[in-house]
Amino acid sequence: MTEEKKQNGAQKITPNFWFNGQAEEAARFYTSLFKDAKMGTASYYDKAAAEASGLPEGSVLTVPFELEGQQFLGLNGGPEFQFNPSISLFVYCDTEEEVDELFAKLTEGGVILMPLQKYPFNEKYAWVQDRYGLSWQLYLGNPRGQKIAFSLLFVGEQCGHAEEAMQLYTSLFEDGRIESASRYSEDDSPEIAGTVQHASFWLEGQEFMAMDSNREHNFAFNEAVSFVVDCEDQEEVDYYWEKFTAEGEEGPCGWLKDKFGVSWQIVPRVLTELLLDPDAEKAERVMQAMLQMKKIDIGQLQKA
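Small disclaimer: the values here were computed from a predicted structure and weren't measured.

Peer 1: How should I be thinking about the overall build of the chain in this particular structure?
Peer 2: Looking only at helices and strands, one finds nine helices and 17 strands in the chain. Over its C-alpha atoms the chain spans a radius of gyration of 19 Å, differing by no more than 12% from the 19 Å that the globule rule assigns to 304 residues. Along the three orthogonal principal directions, the C-alpha set of the chain runs to about 60 × 40 × 40 Å. The buried share of the chain, reckoned over its 304 residues, is 50%. Of the contacts formed within the chain by residues at least 6 apart in sequence, a portion of 64% connects residues at least 24 apart. When the accessible surface of the chain is split by element, carbon and sulfur atoms take 47% of a total near 14,400 Å².

Peer 1: I tried to follow helix 5 (residues 162-172) on my own but got confused; where do I start?
Peer 2: Every α-helical turn comprises 3.6 residues, leaving residues that sit three or four positions apart pointing alike. Three or more residues of helix 5 are buried, namely Ala162, Ala165, Met166, Tyr169, Thr170 and Leu172. Angular distribution of buried residues about the axis of helix 5 spans 160°; they occupy a single face of the element. Summarising the contacts, the buried residues of helix 5 are in contact with strand 10 (148-154), strand 11 (176-183), strand 12 (196-203), strand 13 (206-212), helix 6 (234-245) and strand 17 (263-268).

Peer 1: Please clarify how the packing of aromatic side chains should be interpreted in this entry.
Peer 2: Within a pair of aromatic rings, the relevant descriptors are the distance that separates the centres and the angle that separates the planes. One pass over the full model with this rule turns up 37 aromatic pairs. With centroids separated by 5.5 Å and ring planes inclined at 45°, the aromatic side chains of Phe227 and Trp264 adopt a geometry described as tilted. Remark: Trp264 occurs in strand 17 and Phe227 occurs in strand 14 (residues 225-231); sequence separation between them is 37 residues. Side by side, Phe227 and Trp264 carry an identical accessibility label, which is buried. Against the face of Phe29 rests Arg131, its NZ or CZ located 3.9 Å from the ring centre.

Peer 1: Teacher, can you tell me more about the nonpolar core here?
Peer 2: In a soluble, globular protein the nonpolar side chains are often hidden away together inside. Membership of the largest hydrophobic core comes to 63 residues, with the highest contact counts inside it found for Tyr30, Trp136, Tyr169, Phe227, Trp264 and Ile266. No other element matches the six residues that helix 2 (residues 23-33) contributes to this core. Those residues in contact with Ile266 that lie beyond four places of it in its chain are Val229, Cys231, Val237, Tyr240, Trp241, Phe244, Gly254, Leu256 and Ile296. The next biggest cluster of nonpolar side chains, apart from the first, holds 20 residues, and it includes Leu274, Val286, Met287 and Ala289.

Peer 1: It is not clear to me how the environment of Gly205 should be interpreted in this structure. Could you clarify?
Peer 2: Relative to the helices and strands, Gly205 resides in the loop between strand 12 and strand 13. Between the C-alpha atom of Gly205 and that of Arg177, which follows or precedes it by 28 residues, the distance is 9.7 Å.

Quick notes on the rules
- Residues numbered from 1 in each chain as written.
- Predicted model: local features only at pLDDT ≥ 70, side-chain atom pairs only at ≥ 80, totals over all residues.
- Heavy atoms only, no water.
- Helix = DSSP H or I, 4+ residues; strand = E, 2+ residues; numbered from the N terminus.
- Rg over C-alpha atoms; globule rule 2.2 N^0.38 Å.
- Buried < 20%, exposed > 50% of the residue type's maximum accessible area, 1.4 Å probe, protein only.
- Contact = heavy atoms within 4.5 Å.
- Areas by Shrake-Rupley, 256 points an atom, 1.4 Å probe, with all protein chains shown as cover.
- Arc of directions from axis to C-beta.
- Phe/Tyr/Trp six-rings, centres within 6.5 Å; stacked < 30°, edge-to-face > 60°.
- Lys NZ or Arg CZ within 6 Å of the ring centre and 35° of its normal.
- Core = buried A, V, L, I, M, F, W, Y, C linked by side-chain atoms within 4.5 Å.

Shown next as structure tokens:
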């Protein structure tokens, strides 16, 4: 992230979580977990979006929220997609008490994937799914300053592609770099020697992690978690759309899947302004136009 963007508080990549009617409730729960947290202003389904989605007109569409200075978005999209451990939030905790408190709150109605205890890689760590199914990794120690990182787990057909994915992502963004990577050895069976055990990479000032696992998992990347890329103009939209859909898959309304199955949304900044136009009829025409698109066309939105 450039110094100018940092000063302006702009966040290039925003995680988007797909809920089935629980986005507002979940955002309220997540903001209760952290000291520096707040909810933003919700948007609602207009007639066009409601007809396209089958969800009630006037119901909550999106809820933005902020955790420790990082922006997130909750979306009510229906029951189609479910969270799984392929993408999780990795939380650096400053104290043992913070680990304990987060563990207690996140496991209430949730599931423990790796119990809270000492591991070879950390004095106090746990991996859990919360009451909504979203995965969290809790880690004692915060050497980087950023509180929450985004961890991608490459399993099944994607096992062994973590390094390739990191190289692609860091090449696409102006400020992208791989910080570190450790690899499995011959002694780590059933993991594949040489694949990524754990790696850290940065995109536009935000930390991501990547891991391969050859163990048996019954999940894969899906649209339940996607990453929204904030684009300044059509040129940026075209660039990211072309790069991410190469060997990937185009979706509706700016959504796509890259070659690894990870979901992204390529969104021009002006779209939000147009959808929030005080003239409800104008905003609905923009929504109707967007619903017909795959890649977002700013010119067509402005005409609408």
